[in-house]
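Structural description and commentary
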Amino acid sequence: MSNNAVATAPRHTLSVLVSHNLNTFSRIIGIFSGKGFEIDSISLGPEADPNKARITITTRGDEKVIEQICKLLHNVVDVLKVTDLTHKKSIARELALVKVATNTNNRSDIMMVAQAFRAKVVDISGDKLAFEVTGHKDKIDAFIDVLQPFGIAEVARTGSVALKREFQNSN
């Protein structure tokens, strides 16, 4: 798949439950790099059971490519379950830390933007403000876009974490 085709391919979020083992994480990365599959983001965190971990992967591809990825993931030692959350009701969040240049003229404008996005101030200096913002990828992208004219000094993002939504309202 060409870079242009990958960029326009549908985005998928995969939730992979694994036995907590860093070798499993490297094997999963190896599948993507070995087969040339794109990773938009990947995160690893412990599960409620300390012997398990959850890996959330966002990737792009048509249904055939995603099916192939899921089959390859199921074959990895220590992978317990693979769920494509793309077409399921799910909860997805991302965290970003954004550091913005400020001065006395624009600080209140920047604070109003942060308030609108429910971002928290996590660091203050004479010429910079750092914010923590959580939410859907689109919210994080919009927050960064709105702050861009003020001068973004640094950005750190987690990538998506996601779980299947349990409450299934019939409406």
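Rules used in this analysis
Residues numbered from 1 in each chain as written. Predicted model: local features only at pLDDT ≥ 70, side-chain atom pairs only at ≥ 80, totals over all residues. Heavy atoms only, no water. Helix = DSSP H or I, 4+ residues; strand = E, 2+ residues; numbered from the N terminus. Salt bridge = Lys/Arg side-chain N within 4 Å of Asp/Glu carboxyl O. Buried < 20%, exposed > 50% of the residue type's maximum accessible area, 1.4 Å probe, protein only. Polar contact = N/O pair within 3.5 Å; in protein donor to acceptor, adjacent residues only side chain to side chain. Contact = heavy atoms within 4.5 Å. Pairing = 2+ DSSP bridges. Axes fitted to C-alpha atoms, helices over the stretch in contact; angles between N-to-C directions.

Phi at aspartate 78 takes a positive value of approximately 80°, unusual for a residue other than glycine. Looking at the element boundaries, aspartate 78 is found in the loop between helix H3 (63-74) and strand S4 (79-84). Positive phi, close to 55°, is recorded for arginine 118, a residue that is not glycine. Tracing the backbone through its elements, the reader meets arginine 118 in the loop between helix H4 (107-116) and strand S6 (120-124).

Our focus in this paragraph is the pattern of salt bridges. In the structure shown here, the tally under the stated rule is ten salt bridges. The partner of arginine 11 in a salt bridge is aspartate 40, and the shortest N-O contact between them spans 3.1 Å. Linking arginine 11 in strand S1 (residues 11-19) with aspartate 40 in the loop between helix H2 (22-35) and strand S2 (41-46), this pair joins segments that are 29 residues apart in sequence. What makes arginine 11 partly exposed here is its relative accessible area of 30%. Among the ionic pairs, glutamate 67 bridges to lysine 71, the shortest N-O distance being 3.2 Å.

Structurally, the position occupied by asparagine 106 is in the loop between strand S5 (90-101) and H4. Within the structure, the side chain of asparagine 106 is placed 2.8 Å from the backbone nitrogen of asparagine 103, a separation counted as a polar contact. Once you skip the residues sitting within four places of it in the chain, asparagine 106 turns out to touch Ala101 and Phe150.

The next point concerns the sheet that holds strand S7 (residues 128-135). If you walk across this open sheet you meet the four strands as S6-S7-S5-S8, and the pairing is antiparallel. Only two strands of the sheet have a single partner each, and these edge strands are S6 and strand S8 (152-164). Going across the sheet, the axis of each strand differs from the next one's by a mean of 15°, ignoring polarity. Pairing between S6 and S7: four bridges, direction antiparallel.

A sheet is described by the order of its strands in space; here four strands give the open sequence S2-S3-S1-S4, paired in antiparallel fashion. The open sheet has two free edges, formed respectively by S2 and S4, since each of these has just one partner strand. Here the average twist between neighbouring strands, direction ignored, is 15°. Where S2 lies against strand S3 (residues 52-60), six bridges are found, and the strand directions are antiparallel. Its bridge partner lying in S3, serine 41 is registered against threonine 58.

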